[in-house]
Amino acid sequence: MLEAATALLERCRAKGLHIATAESCTGGLIAGALTEIAGSSDVVERGFVTYSNEAKQEMLAVPEAMIAAHGAVSAEVAEAMALGALARSGAALAVSATGIAGPGGATADKPVGLVYLGIARRGGHAKAERFVFAGDRAAVRQATVAEALRLLDEAAA
């Protein structure tokens, strides 16, 4: 993962792009993976850890009605989180993560390992992708970080 984070930082640095993260189920691990690398402060603009629904609403302006209609773990909320991170930062790229890392919290429709990642680029579009990762809580969170780095790298290209 260190190699992916390093390559992403180099690509963003070369293009003058800054990154913001909006994290729920990862609790800051995406920002942590990026800031593990010395010199990342010229690319990583800020990170939001919005674990509660209230934090998503207050910090990222995710509409309460959206959470009520779709649930915090949804494509709609992931996209809104990424857009909110862009709106509340000077970053050009934002990634968001919301999911069920387990072991609890699952429902029939939303199993443990379900994660939605949102990606947004200033002046561009936003989208969300759905993943179901296998393994325990740590494995789900690490897989989420790896996919988030991949999505950021694609968006920076």
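In this report, we go over the structure that sits alongside the text. (Residues numbered from 1 in each chain as written. Predicted model: local features only at pLDDT ≥ 70, side-chain atom pairs only at ≥ 80, totals over all residues. Heavy atoms only, no water.)

**Points about the overall build of the protein**
Where we set the bar: Note on conventions: DSSP H or I runs of at least 4 residues are helices, E runs of at least 2 residues are strands, and numbering of each starts at the N terminus. Values of the radius of gyration come from C-alpha atoms, whereas the globule rule sets the reference at 2.2 Å times the count of residues to the power 0.38. In this scheme, a residue with accessible area under 20% of its type's maximum is buried, one over 50% is exposed, and one in between is partly exposed, where area comes from a 1.4 Å probe on protein chains only. Residue contacts are defined here by distance: any two heavy atoms, one from each residue, within 4.5 Å place the two residues in contact.
Each helix and strand counted, the protein has 6 helices and 5 strands in total. Ordering the α and β elements of the protein from the N terminus gives α-β-α-β-α-α-α-β-β-β-α. Expected size for 157 residues packed as a compact globule is a radius of gyration near 15 Å; at 14 Å, the protein falls within 12% of this value. Reported as C-alpha extents along the three principal axes, the dimensions of the protein are approximately 45 × 30 × 20 Å. When burial is assessed residue by residue, the protein has 47% of its 157 residues classed as buried. Intrachain contacts of the protein at a sequence separation of at least 6 include 64% that bridge at least 24 residues.

**Regarding the nonpolar core**
Heads up, the condition is: As used here, the term nonpolar core means buried Ala, Val, Leu, Ile, Met, Phe, Trp, Tyr and Cys residues forming a set that is joined through side-chain atoms within 4.5 Å.
One finds L8, C12, I19, L34, L93, L117 and L152 to be the most contacted residues of the largest nonpolar core, which totals 31 residues. Here this core takes 8 residues from helix α6 (residues 137-156), the largest share from any one element. In contact with I19, other than residues within four places in its own chain, are L8, C12, L34, V43, V44, E45, R46, A91, L93 and L152. The next biggest cluster of nonpolar side chains, apart from the first, holds 17 residues, and it includes M81, A82, A120 and A126.

**A closer look at unusual backbone geometry**
Look at the link from G102 to P103: it is a cis peptide, with omega at 5°. Here P103 is to be found in the loop between β3 (93-99) and β4 (114-121). One non-glycine residue with positive phi stands out, namely A61, at about 60°. For A61, the position within the fold is in the loop between α3 (53-60) and α4 (64-70). Residue class for A61 comes out partly exposed when judged on its relative accessible area of 40%.

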